[in-house]
Structures are given as C-alpha cells and as structure tokens.
Amino acid sequence: MDPKPDRAALPHGIPKHLVRIRAGANGTRPFLNGAALDNGRPDPAINGANGSNGHAEHDAGEVLTLDGTAVNIALFAWEWARLLAGTGWIAADRTVVVEELRGWTIRLIEALRHEPFDASAGTELGHTLVGMGFAGPDALGRTTSLIIRRFLGHGDEALQLKVAEVVSSISSGFVRAVRDKTLAEQDAIRSSALLALERARAHQREAELLDPVTGLLNRKGFTAALTELLASSPPGVLGVCLLTLGGFEPLYRGFGPAVGDELLKTVAERLSARFGGRDELIGRVGREEFIVAAIGVQSLGPGQPSVAERVSAAQDAVRAPITLGERAMVLSPSVGVVSRPTDVADPETVLRDVGLAGSWARDRGTGSIALFEVERATKQVAGLTLAAELPGAIGSGRLLAHYQPIVGLRSGRVELVEALARWEHEQHGLLEPDAFIPLAQRAGLIQELGRSVLERACRQALTWSQTPGRGPVVSVNLDPQQITEQATVGHVVATLDQLGLPPHRLQLEITEDAALGNPQAQAVIRDLAHVGVGLALDDFGTGRAHLARLAELPGLGVHTLKLAGEFLAAERPTSSSANQPPPARRAGRLFGSGRHQQPAPGGGRRDVLASTIALAHRLGMQVTVEGVQSAEDEALVASLGADHAQGSFYSVPLPPAEASDYLSRW
C-alpha cells in the first residue's frame, strides 16, 4: 500500500490534486512532488528549468530525500519565494528569485546530507539573502521558520542538530551581511553627501566670483581673472579703466531697484559686446562702478586700439541712451585710467590705483577722465595714513596748541593770543592745521579735535591769568561743524566750569559763512554769547558774505571782526624792503599811534579796507587785521583805525613755553 502524504507538509495554497506521491525504495515517507507553481498553478518558467549555484544537474521537478523524507525542490523554492515576498524590494523578476532559491534549496539539502557536516552554506545563504534585497528581519525569520518546519520535524536527533546549526549560521551570516550592507550604505551616503557638499561649495565659490545682478565678475573674481590673464599673456601694456555711472543714483532712487537693475544689465551687455576679446576682462566692482581691463602690445600696429581709444569706446558704450519701456535714460560715466607694463602690473595695486583715479574723475565732474598720477596718489595715501593715526594722536596728547600774539594798536600790548592746532607727529615732525584739519572733517573727528584744542587753550589761559598783568585773552577757532552742534555750547560751559576760567578770558572765532548763512549755527552762536565768551568773525572777506550783512553780527553777540590778510596783500609795496623776511619776534616794542610810519600809497583795496573798518566801528564792533608782515602793514592798518593787528611781523605761532617767555618780555 502506498504511503499517505503528510498533510501538514503541504505548502499553503497548494491544491491536493497537484501533489504526486512518490514512495521511497526503502519505504521512505513521500513528500510534495510536481511542477513549480505560481499562486496554485504550474509556473512554466520554472517547470523544467535547471537549478542555479552549480546544481544544473537537478531537474525542476526532482525530489531529493533528506533522512528518508522526499523534498520537492521546485515546490520548496516556490513556497520560500512566497514567504519572502513583501519583505524586501528587489529589481529582479520573480522567476529569477525562485530559480535562485531552488539552487539554495539543493545546497542546503546536500549540506545536511554530507559527511562531515559543514554549516558554512548557511552563512553564505544569509549573505545571499541580504544581497538579493531581503535584508529585513522578516526575511530572516520566515526563511529559518520554513527550514525548521520542513526539515527539523522529520529527522533523527543528528539531523535536528545539523538543521539547528544551519539555522544559526544563516542568522549569523545574515546579521553580518546586514551590518556590512549598513556600513556600505552609510559610506555611500557619506560619499554622496561629501560629493554634494563639494559641488555646493564649488557652486558657492563660483557664485562668490560673480555679480548677482549682471553676471559679470565681481571685484574678487576680476582680481583672480586679471591675475590669470597677466600670467598667461606675453609682454605688453595693461590698460584698466574704472567707469562710474554718473546719473545712476537719481534714477535708481526715482524709479526703484527694478529699473536700476535693468540699467546695470544693459550697461553690462554693452560692455560685454564691446570688450569680449580673449585679452579683455569686464567686471562690476561697485554699486555703480564697472571695470574694463585689456592687454595690448607695446608697439601698436595697424588697427590695434590704444588705451585712449578703448577708454573712449567704453564711455561711448555707456553713454548711448537706454530705453526701458517708454523711458529713455542717459548715463554719463566718469572714468579713471591706469596704464602700465604687464611685467610690473600687480592686480591688487592696479585696482587700488584705478580706484584712486576714478575718485579723481568723479571729483572733476560727471563725464570726466582722470589718469593715475603717482605723485598725487602718494600724497593721497599719506593723507589717508594720517587720518588713520589722528584718533590716536588726539587721545595720546600729541595734538598741541601754539599761540600767536594779537597786538592792541593803541596800547602796544599783546592783548590776545590765538590758539592754533599743531600735530607733533612722530615721523613727520610738527604738522600745521592744513595737513590734518581737512582729514578730521572728513573722518568725523572735528568735534573731538576741537574739544581737545579748546581744553588745552583754556588751561593755558588760566595759567596766564594768574601771572602779573593778568595775561592775554585766548582766542580759539571753532570749525563750521562745531558751530552747528548744540553740544558745543555744553562743552564750552563744562570746560570753563571745570577749570574755573572766567568766560571773558576766552574768545571763540567763527567763520562768516557759518555765522551768516546757517540758522542752526546762529542759534548756537547766540547761546555762546549768553555764556559770556567773546565772539569774533574770522577771515572776513574770504567767504560769500557782503558788507550789508555785517549789521546782523551784533545781534548774534559777535563784537569783533577779523579781516583776512588778503586785504593787505594788494596794498603791499613791491620795494626790496617789503620783500625782506620779517623778524621772528618783535618783543619789547611799544606801538603808539605817533610811532607808526606813514602808510604806503593806497589803492582800491585800501578803500574797501577803510570802509569795512569804519562800518564795523559804527556797528559797535572792534576790528583785527590779520596778515601784518611789515612795519608798513602796521602803519596802514593803524592809520585806518583798526583796533588789533596779527601776523608774522609780531611773531609766528609759538609753543606754550616760548609764548610765555614772549609775553613776559612785553
């Protein structure tokens, strides 16, 4: 009688009528047999196909025995594939998967039958499952469960131990493969991330070299490109021009950023069309600044443009009207130009120099051209260096005050001294105001500088006020910027209070343009007058005010008029005596009205001088005439009724100690 099949051994979904019973020769228990199935139907792709993994000799419908149990290879592989379905994603066709599992079914059975037993096939199977894409824990669990269910329950104890060892080796290989796969994936992710990062950095580096609006090289990119161009070019002449778009800023503010960007793009397109050669570079290096560089041969041949012609071409490209919508807009570029041999051209230096030339062109006016000049640049750079050193000089006490006497023409005494700022520079020696006052104005340091000079002068005035004769009044200049700041009043009051100096011992000198043309300054002047300090209008005749406006001064509290030395310059005789250098000091000389020499023959300027002095007196003001260089000058101003005189005829400005000595001898 044929043995009955074990119903528990039937795979789920396999109909009973597809199972053919085979009895073993020695009464072995039959197991599943037949063609490979797919969803309960024969799979023609597998039926009759050969096994893999070196087991092509096994037919698709072949049954192998394991400890007396018949195992249908195709059906076992089909059941295994069905269990693995859904536990992982693989790109291979299901037919390929089933065929791969057929081969492994054969290898497992052969490993279990072989003596001596070797469980390494299980380790390799664990790796293979992960490699096929079944790397989840469900794939391992279903595989080991199937092997245990089909092989473990029908054998003797030795077979059960082998099955258990195979299952263990499958798990071990699977775990190691998953770990290796995870590490490999992590390495791949890390490599991909590093590659993406490097690409992002490369893109960022490229973006850092370009202007985002026009797409041209920015300053950094232009410098790098110019370095490469100089390194790869034969000896020649480098010409660089910096174009500043005159008229751009009003258009940008008036029509908005969108229109401004379109203007910039149009300029960039025009320059690119004109300067697109292999030896030419274009960039945008500022809000309204474009730069063009070109290398030419040292000796121009026929048809080769000169630097001047290229500059003209750049201006023409920008100057043509730009039409945006219904608007036609015109830009007028000013151009700074640098030209030098390529073998001595350093990109950073060239850009610095063309920037200086560009600033000179802008200062000249819209549409101007300025060539770089070494001497002028040296002076400008020196000025910038001084400006950087000025705050330290103020804070360290190297900013001094020298004092020039102002003589009363009736008393013959030094009644006032003017405090004049000096900078005791470590390298350049003693610097006069013209060398650093403009720098302080541009750097916003004039208030700090003015306070420093005022405090020094007030301390010196206090020292002189305590000597016999009470000493002179000290006169201090206020910069126009100081006169417009209400804080100046507070500082003057605080300085006087801190030192205990009476207000009448201090005179403040202001300029005519500030006093007569600025309501804010006039309010500050009135407040200073209420403090009780003297106020003088300095250098009258050099500004834009006229005689009719002198009447406003007493109402502001200004009671002294200082006439500029230009009034005397036109009256000075041309004799040899007038050209002799004035004495350095005139200490001990008494100046009475009867001791003055007769004035030289007058001219038109003398009439203006006389009229101004007379008008000031009628307004209740005293008059000081500056620029007195000779006895003839002194005689003239005294004869015209001036109250005080100042100039090198009496003394040049002196340091405090020398000024004290000078005063002691009067």
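Source: prediction; values computed, not measured.

### A few points about the overall build of the protein
A tally of regular secondary structure across the protein gives 23 helices and 20 strands. For the protein, buried positions account for 46% of its 666 residues. Considering only intrachain contacts with a sequence separation of at least 6, the fraction spanning at least 24 residues in the protein is 72%. Of the accessible surface of the protein, which amounts to about 31800 Å², a share of 53% is contributed by carbon and sulfur atoms.

### Observations regarding the sheet that holds strand 7 (residues 289–296)
Here five strands make up an open sheet; going across it, the order is 6-7-5-10-11 and the pairing mixed. Only two strands of the sheet have a single neighbouring strand rather than two, namely strand 6 (280–286) and strand 11 (369–371). Each strand of the sheet is rotated relative to its neighbour by a mean of 20°, with strand direction disregarded. Contacts from helix 6 (residues 219–232) reach strand 5 (237–246), strand 6 and strand 7, with the element oriented near 155° to strand 6. Set on the sheet, helix 10 (residues 347–364) makes contact with strand 5, strand 7, strand 10 (332–341) and strand 11; between it and strand 10 the angle comes to about 145°.

### Thoughts on helix 17 (residues 519–531)
Across its 13 residues, helix 17 extends 19 Å between first and last C-alpha, which sits within 8% of the 18 Å expected from 1.5 Å per residue. Taken as a whole, helix 17 has its buried residues at Ala 521, Gln 522, Val 524, Ile 525 and Leu 528. Mapping the buried residues of helix 17 onto a view down its axis gives an arc of 160°, with all of them on the same face. Exposed side chains of helix 17 directed beyond 90 degrees from the buried face belong to Pro 519, Gln 520 and His 530. Buried residues along helix 17 sit against helix 14 (480–483), helix 15 (487–499), strand 16 (506–511), helix 16 (512–517), strand 17 (534–540) and helix 18 (553–556). You can read the cap of helix 17 off the contacts: a side-chain oxygen lies 2.9 Å from the backbone nitrogen of Gln 520, and it is on Asn 518. Remark: Gly 532 follows helix 17 within two positions and exhibits a positive phi of approximately 110°.

### A short note on the pattern of salt bridges
Under the criterion given, the structure shown has 25 salt bridges. A salt bridge links Asp 187 to Arg 190; its shortest N-O distance comes to 2.7 Å. Here Asp 187 pairs with Arg 190, and both are found in helix 5 (residues 157–208), just three residues apart, close to one helical turn. A salt bridge links Asp 211 to Arg 284, with the shortest nitrogen-to-oxygen separation between them at 3.0 Å. Taken together, the positions of Asp 211 in the loop between helix 5 and helix 6 and Arg 284 in strand 6 put the pair 73 residues apart, joining distant regions of the chain. No difference in accessibility class separates Asp 211 from Arg 284, as the two residues are buried. Three or more residues joined by partner-sharing salt bridges are found here, namely Glu 418, Glu 509, Lys 562 and Glu 626.

### Quick notes on the pairing of strand 16
Burial runs high along strand 16: five of the six residues are buried. In terms of strand pairing, strand 15 (residues 473–477) meets strand 16 through four bridges, oriented parallel. Residue pairing for strand 16: Val 474 is matched across the bridge by Leu 506. The pairing of strand 16 with strand 17 spans five bridges and is classified as parallel. From the neighbouring strand, Thr 511 faces strand 17, where its bridge partner is Asp 538.

### Section: the pairing of strand 3 (residues 63–66)
Pairing between strand 3 and strand 4 (residues 69–72): four bridges, direction antiparallel. Looking at strand 4, one finds that Leu 64 is bridged to Val 71. Between strand 3 and strand 4, which pair antiparallel and follow one another directly, the connecting turn spans two residues, one of which, Asp 67, has a positive phi of 55°.

Cut-off values and rules
Residues numbered from 1 in each chain as written. Predicted model: local features only at pLDDT ≥ 70, side-chain atom pairs only at ≥ 80, totals over all residues. Heavy atoms only, no water. Helix = DSSP H or I, 4+ residues; strand = E, 2+ residues; numbered from the N terminus. Buried < 20%, exposed > 50% of the residue type's maximum accessible area, 1.4 Å probe, protein only. Contact = heavy atoms within 4.5 Å. Areas by Shrake-Rupley, 256 points an atom, 1.4 Å probe, with all protein chains shown as cover. Pairing = 2+ DSSP bridges. Axes fitted to C-alpha atoms, helices over the stretch in contact; angles between N-to-C directions. Expected span 1.5 Å × (residues − 1). Arc of directions from axis to C-beta. Polar contact = N/O pair within 3.5 Å; in protein donor to acceptor, adjacent residues only side chain to side chain. Salt bridge = Lys/Arg side-chain N within 4 Å of Asp/Glu carboxyl O.

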